[in-house]
There are 2 protein chains.
Amino acid sequence: MAARPLLLRALSGETTDRPPIWLMRQAGRSLPEYRALRARADDFISFCLDPEMAAEATLQPMRRFALDAAIVFADILLLPRALGQEVWFETGEGPRLGPLPSIAALEREAAAASARLSPVGETLGRVRGALEPERALIGFAGGPWTVATYMLEGRGSDRSLARSLVFSDPAKVEALVAVLTEATARYLVMQARSGAQALQIFESWAELLPEDVFERLVIQPHAEIVRRLRQEGIAAPVIGFPRGAGALVERYGAESGVQGVGLDVQAPAALGRRLQGAVAIQGALDPLLLRAGGEALGRRVEALLRQWSPGPYIFNLGHGVLPDTPLAHIAAVVDQVTAWRSR
Amino acid sequence: MAARPLLLRALSGETTDRPPIWLMRQAGRSLPEYRALRARADDFISFCLDPEMAAEATLQPMRRFALDAAIVFADILLLPRALGQEVWFETGEGPRLGPLPSIAALEREAAAASARLSPVGETLGRVRGALEPERALIGFAGGPWTVATYMLEGRGSDRSLARSLVFSDPAKVEALVAVLTEATARYLVMQARSGAQALQIFESWAELLPEDVFERLVIQPHAEIVRRLRQEGIAAPVIGFPRGAGALVERYGAESGVQGVGLDVQAPAALGRRLQGAVAIQGALDPLLLRAGGEALGRRVEALLRQWSPGPYIFNLGHGVLPDTPLAHIAAVVDQVTAWRSR
């Protein structure tokens, strides 16, 4: 019988001899085999919704590196698209979204959205069938606030428009986040039933929010998603990643109900250790350092291992792999982490 | 005999009946009288280096609002200019800088730079002569790391180039920060001798730095600046504002040697209270909320007063006043804070 995946052991709160490792954006543009695969689809959305291609993209880094978890290849903007807002990607410029539908229209679509996202479930099923049992499979969604910022602004930005609306039209923002909380919970339930063994919520734009706003638009929606998952009988652990939350990550860990907290590059060692009293932590190597490589990279990896192992700790980056990261640097970090043992 | 300025009492660690209040960017584009004054100078640098105009810009908000402190009208990029790097401002696009001089060239200019900045000293002298004795006068400089990011990148940005260089060419970045630390200390000594009673270090780009980098490029340089000020016999309290430092602000407060710590919009109430055990804190109203106004603004101001008074606390924003902020909102906040009493 295969050992329980190391990632799931860490997310159960176990300390482990070495931390499991996976890397945000481990699949994708840093891999030449991904770029070749991607060239076969016309647009990024079609690629994400093609289970054969998305499963292959998910598995590519698993063949190259001794990673402990795969994460389904998808995009956080598949959800607003499934809710009826137009989404497309401009090459080199990132996502663009059409006009925001009314809250009523979004609410009408919330139940159907998960069915429209069934190709993501099919991708998960294919990957789970192909992946060794000791390697975990992660499903994911964007955090409701982060997805709302894209829906409100129509593109990536510093979110100053969305953050302004929090104060100038709070009812609209709160209604939108509420619809997204509901739709995200359904989407994650579907992913867990399709084979995802852990679920990550990417709250990529948690920065620059005052404490009361963070509580209302990040902590409470995440807590509601976790509650809905458990109500639906989903036991899969949840990793919340409120990127840029700074010191607020401490309240997040205590109040959101997640089993794992993703930390960004800035997280102090002491804060991580305090969080480990209640949850597993994940992170927080700087992707810029991974790209730069050299002795400083090895030293920093060692420092992270020493400061947060035996855990519960999941080795990862503090943000996604940059497209121009040398693959030898990734291999070296995976080797270093998998060879390491808590002393 | 006039009472000691409330700002200086708070920075001495005194709790006060009500917090002193000033606002970052209280002078400048939000004021119509500033826009009229600014139209009299050809370019922004000349404006900053004209003591008559800069003093007038400094005093304008003091006439309009019952603020407890003035801050000299200047710009953090006057220093790299004085060190020999070309600096200019593109209308609507922000600062641009010419090629970075060699470290050796910058070192040669470090001693002379303060003399070249003597118009800022003259501005301070004029303002101090015109300002009521119970209102404090603040001098300032950019944090060495923040100024280095501009010097390395040649413009405002998300600092990803400068942050990459921290890993790919650490010797260059550290040498640049060291030169700037020296030049900044001299510049602040000059400002204190010209009438500044408190000194703020604007480390506006403290975000996204790993803990070890933050320690080396923010905490240690600030500690060195404070040490140099004291060596030169300058007793003026120092407020450090590492904007975006997240949970690292706690180590910053304990190790940088500053008397006051500026907090950005995200700072949790509990973190501020922990800092108040060692330093005065300053902040952290969201400028987006100040611009939006309404009942939510009054409620948030009250919440900040309750969570951090009697202090030591200095009421301020978590970032600068936005140019399109209605002046009635500023007046309302100043009224609310100055009428408030700790219960």
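See above for the structure.
Residues numbered from 1 in each chain as written. Chains lettered and ligands numbered in written order. Predicted model: local features only at pLDDT ≥ 70, side-chain atom pairs only at ≥ 80, totals over all residues.

(A) Structural detail: the overall build of chain A. Assigned secondary structure in chain A consists of 16 helices and 9 strands. The C-alpha radius of gyration of chain A comes to 19 Å, within 12% of the 20 Å expected for a compact globule of 343 residues. With respect to the three principal axes, the spread of C-alpha positions in chain A is 55 × 45 × 40 Å. In chain A, which comprises 343 residues, the share counted as buried stands at 56%. Of the contacts formed within chain A by residues at least 6 apart in sequence, a portion of 74% connects residues at least 24 apart. (Helix = DSSP H or I, 4+ residues; strand = E, 2+ residues; numbered from the N terminus. Rg over C-alpha atoms; globule rule 2.2 N^0.38 Å. Buried ≥ 20, exposed ≤ 12 C-beta atoms within 10 Å, placed from the backbone. Contact = placed C-beta atoms within 7 Å.)

(B) Local environment of helix H15 (residues 295–308) of chain B. All names here are of chain B. For H15, with 14 residues, the first-to-last C-alpha span of 20 Å sits near the 20 Å given by 1.5 Å per residue. Turning to H15, its buried residues are Leu 297, Val 301, Leu 304, Leu 305 and Trp 308. Within H15, the buried residues cover an arc of 100° as seen down the axis, which keeps them to one side. In this structure, H15 carries Glu 295, Arg 299 and Arg 306 as exposed residues pointing more than 90 degrees from its buried face. Looking at the buried positions of H15, the neighbouring elements they touch are helix H13 (269–275), strand S8 (280–285), helix H14 (287–292), strand S9 (313–317) and helix H16 (327–339). (Expected span 1.5 Å × (residues − 1). Arc of directions from axis to C-beta.)

(C) Quick look at the interface of chain B and chain A. The partner chain A presents 23 residues to the 23 residues of chain B that form the contact. Of all the secondary structure elements, the ones that give two or more residues to the side of chain B that touches chain A are helix H9 (160–168), H13 and H14 of chain B. Sort the elements by how many residues they give to the side of chain B that touches chain A and H9 of chain B lands first, with 4 residues. Here the side of chain B that touches chain A is built from residues that sort into 15 nonpolar, 4 polar and 4 charged. (Nonpolar A, V, L, I, M, F, W, Y, C, P; charged D, E, K, R; others polar.)

(D) The relation of the copies chain B and chain A, seen in detail. Least-squares fitting of chain B to chain A yields an RMSD of 0.0 Å, with the superposition described by an axial translation of 0.0 Å and a rotation of 180°. The superposition operator between the copies reduces to a two-fold rotation axis. Both copies contact each other with a shared surface, as 100% of the interface residues of chain B are interface residues in chain A too. (Least-squares fit on C-alpha atoms with pLDDT ≥ 70 in both.)

(E) Layout of H9 of chain B. Every buried residue of H9 of chain B is listed here: Ala 162, Arg 163, Leu 165, Val 166 and Phe 167 of chain B. Of the surrounding elements, those touching the buried residues of H9 of chain B are helix H14 (287–292) and helix H15 (295–308) of chain A together with helix H8 (144–153), helix H10 (170–193) and helix H11 (211–231) of chain B.

(F) Examining the sheet that holds S9 of chain B more closely. All names here are of chain B. A sheet is described by the order of its strands in space; here 7 strands give the open sequence S1-S4-S5-S6-S7-S8-S9, paired in parallel fashion. The sheet is open, and its two edges are formed by strand S1 (69–71) and S9, each paired on a single side. With direction set aside, neighbouring strand axes in the sheet form an average angle of 25°. When strand S6 (residues 238–242) meets strand S7 (residues 260–262), the two strands line up parallel, connected through 2 bridges. Bridged to Ile 239 within S7 is Gly 260. Sheet strands touched by H15: S8 and S9. Its angle to S8, the strand with the most contacts, is close to 165°. (Pairing = 2+ DSSP bridges. Axes fitted to C-alpha atoms, helices over the stretch in contact; angles between N-to-C directions.)

(G) Looking closely at the pairing of strand S9 (residues 313–317) of chain A. Burial runs high along S9 of chain A: 5 of the 5 residues are buried. Residues Tyr 313, Phe 315 and Leu 317 of chain A of S9 of chain A are buried on one face, and the alternating residues Ile 314 and Asn 316 of chain A, pointing to the opposite face, are buried as well.

(H) Expanded view of the packing of helix H4 (residues 51–64) of chain B against helix H7 (residues 118–130) of chain B. Residue and element names in this part refer to chain B. Following both chains from N to C, one finds H4 and H7 inclined at 50°, their axes separated by 8 Å at the closest point. Considering their axes alone, H4 and H7 lie oblique with respect to each other. The element H4 and its partner H7 pack so that their crossing is right-handed. Each of Pro 51, Ala 54, Ala 55, Thr 58 and Leu 59 in H4 lies in contact with H7, whose residues at this interface are Pro 119, Glu 122, Thr 123, Arg 126, Val 127 and Ala 130. Of the residues that constitute the contact of H4 with H7, the class distribution is 7 nonpolar, 2 polar and 2 charged. (Parallel < 35°, antiparallel > 145°, perpendicular 65-115°, else oblique. Left-handed = near helix turned anticlockwise from the far one by under 90°.)

(I) Main features of the sheet that holds strand S8 (residues 280–285) of chain A. Residues and elements named next belong to chain A. Read across the open sheet, the 7 strands follow the order S1-S4-S5-S6-S7-S8-S9; overall the sheet is parallel. Looking at the sheet topology across the chains shown, the edges are occupied by strand S1 (69–71) and S9. Going across the sheet, the axis of each strand differs from the next one's by a mean of 25°, ignoring polarity. Across 5 bridges, the pairing between S8 and S9 is parallel. Across the sheet, Gln 282 pairs through a bridge with Ile 314, a residue of S9. Sheet strands touched by helix H11 (residues 211–231): strand S5 (198–203) and strand S6 (238–242). Its angle to S6, the strand with the most contacts, is close to 165°.

(J) Seen up close, the packing of helix H8 (residues 144–153) of chain A against helix H9 (residues 160–168) of chain A. All names here are of chain A. Across the interface, H8 lies against H9 with an axial gap of 8 Å and an inter-helix angle of 100°. Taken together, the axis directions place H8 and H9 in an arrangement best described as roughly perpendicular. Of the residues in H9, those touching H8 at Ala 148, Thr 149, Leu 152 and Glu 153 are Leu 161, Ala 162 and Leu 165. Residue composition of the contact of H8 with H9, by class: 5 nonpolar, 1 polar and 1 charged.

(K) Seen up close, unusual backbone geometry. With an omega of -5°, the peptide bond running from Gly 283 of chain A to Ala 284 of chain A counts as cis. Inspection of the secondary structure assignment puts Ala 284 of chain A in strand S8. A cis amide bond, omega 10°, links Ser 309 of chain A with the succeeding residue Pro 310 of chain A. The topology assignment puts Pro 310 of chain A in the loop between H15 and S9. Not every positive phi belongs to a glycine, and Arg 25 of chain B is a case in point at roughly 60°. Residue classification places Arg 25 of chain B among the partly exposed positions, given that 17 C-beta atoms sit within 10 Å. Its identity as a non-glycine residue notwithstanding, Arg 159 of chain B has a phi of 70°, on the positive side. Residue placement: Arg 159 of chain B occurs in the loop between H8 and H9.

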